[in-house]
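# Residue-level structural notes
Next come the chains, spelled out residue by residue.
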Amino acid sequence: MIVAAVLFAYAALLCTLVPRLLRGARWAERAPRLGIVAWQAAGVSALVSAAMAGLALTVPTVRVSADLAQLLQACVMALTAQYASPGGAAAGAAGAVLALAVLGRTAWCAGGAVLRIRRERYEHREVLDLVGRVDPVRGVVVLDHEEPAAYCLPGRQRRTVITTGALRTLDGDQLDAVLAHERAHQDERHDAVLTWARTLARAFPSVPLFRTAEPEVARLVEMRADDVAAARSGRLTTAAALLAVAGGRAPVAGLAAGGSTAACRVRRLIEPDRPLGRARIAAGALTAAVALAVPLLVIGGPAAAASQLNYCPDGTPTAQVSTMR
Ligand SMILES: [Zn+2]
């Protein structure tokens with residue numbers, strides 16, 4: 001019961017405290033990739049902790065054994081001992097509901113999101129192949145449209161799309177910046193990052209961590225792509241390119257160069273560059289790793305201790321039983 005309580009409390013702490021600490025954090029804007037990692041680590045850790053808390057309530061710890069018959073016997077004895085009392089049965093049922101709700105809801109929403117995005121990308125690619133024309137020099141698909149816009153369709157059959165309006169508006173360096181921005185989205189699989197953040201936000205919309213993470217990750221992903229573009233073309237050139245395509249629209253399945261966060265990103269680019277130092281980045285990465293490791297350590301300790309116990313050394317029915325709760 002203690003392990004389950006610790007895991008649940010840890011998940012609750014992450015879900016309520018992390019959004020207050022990370023939302024709009026200046027350090028994350030100075031190191032967007034670390035900011036993305038921090039949000040992801042907190043989300044995964046909260047999810048795993050909640051699911052493990054449920055499992056810890058439901059399944060008693062049994063000694064791991066190479067002997068399948070002995071292992072099954074130990075499992076049966078441990079389960080029987082736990083569910084013999086009304087309190088144990090109620091705790092086990094509550095744990096099962098929690099674990100199934102967390103894992104089932106996540107899997108359902110993730111599966112739905114992946115299928116929906118694949119379908120939308122496929123349909124949009126079909127349209128692009130009909131109405132767009134390939135520019136083999138730049139490696140992009142050009143659309144005849146007055147609105148300056150650029151976006152990418154990520155995935156295995158990825159496309160970078162740019163309108164004739166953007167080609168007329170952007171000079172050579174600015175165009176390079178926009179294309180570098182889109183390539184960064186594709187190379188670093190920002191689509192997968194965003195899909196995961198959206199999945200958690202839709203699966204658990206009342207959880208502050210997931211609700212806050214979605215727009216924050218979307219903003220940081222754009223900043224990260226801006227940084228890649230700025231490293232190639234310069235910050236002011238990238239800012240000017242962003243301004244030119246800021247109003248451009250993109251399909252739901254795509255990632256645009258502009259978008260609703262363009263104003264704050266332009267402001268960030270024209271300010272002096274102050275990247276986060278290596279020591280602070282290392283400390284942040286270590287913190288994220290610790291956050292991920294906590295649920296495994298919490299559940300690993302009792303499990304390791306239990307593995308030293310022999311529940312049924314001689315196959316006798318009086319063997320000891322303890323639970324991982
Ligand atoms: Zn973008």
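It should be noted that the structure appears before, not after, this text.
Overview of the structure. (Residues numbered from 1 in each chain as written. Predicted model: local features only at pLDDT ≥ 70, side-chain atom pairs only at ≥ 80, totals over all residues. Heavy atoms only, no water.)

## As for the packing of helix H1 (residues 2–22) against helix H3 (residues 32–58)
Packed helices, taken two at a time, are described by the angle between their axes plus the distance between the axes. Keep this limit in mind: Comment: axis = line fitted to C-alpha atoms, over the contacting stretch for helices; angle = value between 0 and 180 degrees taken between N-to-C directions. Numbering goes from the N terminus for both helices and strands, where a helix is a DSSP run of H or I of at least four residues and a strand is a run of E of at least two. An angle below 35 degrees is read as roughly parallel, one above 145 as roughly antiparallel, one from 65 to 115 as roughly perpendicular, and any other as oblique. Two helices crossing with the near one rotated counterclockwise from the far one by less than a right angle form a left-handed crossing, whereas a clockwise rotation gives a right-handed crossing. For this analysis, residues touch if any pair of their heavy atoms sits within 4.5 Å. The classification used treats Ala, Val, Leu, Ile, Met, Phe, Trp, Tyr, Cys and Pro as nonpolar, Asp, Glu, Lys and Arg as charged, and all other residues, Gly among them, as polar.
Interaxial distance between H1 and H3 falls to 8 Å at its minimum, and their mutual angle equals 160°. The orientation of H1 with respect to H3, classified from their angle, is roughly antiparallel. Regarding H1 and H3, the two cross each other, and that crossing is left-handed. On the side of H1, the interface is formed by Val3, Ala4, Leu7, Phe8, Tyr10, Ala11, Leu14, Cys15, Val18, Pro19 and Leu22, while H3 contributes Ala38, Trp39, Ala42, Ser45, Ala46, Ser49, Ala50, Met52, Ala53, Ala56 and Leu57. Among the residues forming the contact of H1 with H3, the class breakdown is 20 nonpolar, two polar and no charged.

## Quick notes on unusual backbone geometry
In this structure, Arg189 is a non-glycine residue whose phi angle is positive, near 50°. Examined against the element boundaries, Arg189 turns out to sit in the loop between helix H7 (172–187) and helix H8 (190–203).

## What about the pairing of strand E2 (residues 140–143)?
Let me state the cut-off plainly: For every residue, the accessible area (1.4 Å probe, protein chains only) is compared with the maximum for its type, and the residue is labelled buried under 20%, exposed over 50%, or partly exposed between those bounds. Paired strands, in this sense, are two strands between which DSSP finds at least two bridges.
Residues Val140 and Val142 line one face of E2 and the alternating positions Val141 and Leu143 line the opposite face, and both faces are buried. As judged from the three bridges shared by strand E1 (residues 133–135) and E2, these two strands associate in the antiparallel manner. Residue Asp135 lies in a different strand from E2, and its bridge partner there is Val140. Connecting the antiparallel pair E1 and E2 is a turn made up of four residues, with Gly139 showing a positive phi of about 70°.

## What about the nonpolar core?
To keep it simple, the criterion reads: To qualify as a nonpolar core, a set must consist of buried Ala, Val, Leu, Ile, Met, Phe, Trp, Tyr and Cys residues joined through side-chain atoms within 4.5 Å.
Ranked by internal contacts, the top residues of the largest apolar core, which has 35 residues, are Val18, Trp39, Leu209, Phe210 and Val217. Only H1, H3, helix H5 (86–131), H8 and helix H9 (208–233) provide two or more residues apiece to this core. Of the residues forming this core, the biggest block, eight residues, is contributed by H3. Apart from the residues within four sequence positions on either side, Val217 is in contact with Trp39, Val193, Leu194 and Ala197.

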